[in-house]
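# Structural characterization, general
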Amino acid sequence: MLQNSINIKAETIEEAVQTALNILKCSIEDINVEVIQSPSKSLFGLRKLPAEVKITRISSDSIARKQLVWKIYHLLRE
């Protein structure tokens with residue numbers, strides 16, 4: 001059974017997103033990314049806090065709507 005969303009922690013946001021994409025076996029166009037925590041250093045810089053993201057797979061209907069909105073946006077800009 002495929003998961004629809006996943007929370008991942010990594011050193012950077014980019015690494016967390018890439019890890020989630022590999023686990024969910026999908027591409028960046030198929031997901032929404034929510035940054036839960038940006039990477040940072042703790043008080044006095046003694047400990048580095050990881051980035052945490054929540055990745056949610058977009059349904060195929062949502063992808064079609066997203067593409068339609070994008071096309072309309074470009075048509076209106078012309």
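Residues numbered from 1 in each chain as written. Predicted model: local features only at pLDDT ≥ 70, side-chain atom pairs only at ≥ 80, totals over all residues. Heavy atoms only, no water.

A few words on the overall build of the chain. The number of helices and strands found in the chain is two helices and five strands. Sequence-ordered secondary structure for the chain, helices as α and strands as β, is β-α-β-β-β-β-α. A globule of 78 residues ought to have a C-alpha radius of gyration of about 12 Å, yet the chain, at 16 Å, is considerably larger. Going through the 78 residues of the chain one by one, you find that 21% of them count as buried. (Helix = DSSP H or I, 4+ residues; strand = E, 2+ residues; numbered from the N terminus. Rg over C-alpha atoms; globule rule 2.2 N^0.38 Å. Buried < 20%, exposed > 50% of the residue type's maximum accessible area, 1.4 Å probe, protein only.)

Counting through the fold element by element, Glu-52 comes out in strand S5 (residues 51-57). It is Lys-9 that comes nearest to the buried, bridge-free Glu-52 among opposite-charge side chains, at 4.2 Å. (Lys, Arg positive; Asp, Glu negative; His and termini not counted. Salt bridge = Lys/Arg side-chain N within 4 Å of Asp/Glu carboxyl O.)

All right, on to the pairing of S5 then. On a regular strand, one side chain projects to one face of the sheet and the next to the other, so that they alternate. As paired strands, strand S1 (residues 5-10) and S5 are joined by six bridges and run antiparallel to one another. Counted as the bridge partner of Ser-5 is Thr-56 from S5. Here strand S2 (residues 31-37) pairs with S5 via six bridges, running antiparallel. Bridge assignment links Glu-34 to a residue of S5, and that residue is Lys-54. (Pairing = 2+ DSSP bridges.)

As a further point, take the pattern of salt bridges. Within the structure shown, the criterion is met by one salt bridge. Glu-11 is the salt-bridge partner of Lys-48, the closest N and O atoms lying 3.8 Å from each other. Of this pair, Lys-48 sits in strand S4 (residues 48-49) while Glu-11 sits in the loop between S1 and helix H1 (13-24), placing them 37 residues apart in sequence.

Moving on: unusual backbone geometry. Positioned with a positive phi, Lys-25 is a non-glycine residue whose angle comes to about 55 degrees. For Lys-25, the position within the fold is in the loop between H1 and S2. What makes Lys-25 exposed here is its relative accessible area of 70%.

Looking now at the sheet that holds S2. Strand order in the open sheet made by the three strands is S1-S5-S2, with antiparallel pairing throughout. The open sheet has two free edges, formed respectively by S1 and S2, since each of these has just one partner strand. Across the sheet, the mean angle from the axis of one strand to that of its neighbour is 25 degrees, orientation sign disregarded. Seen against the sheet, H1 touches S1, S2 and S5 and runs at an angle of roughly 140 degrees to S1. (Axes fitted to C-alpha atoms, helices over the stretch in contact; angles between N-to-C directions. Contact = heavy atoms within 4.5 Å.)

Keep in mind that these numbers describe shape and distance, not what the molecule does.
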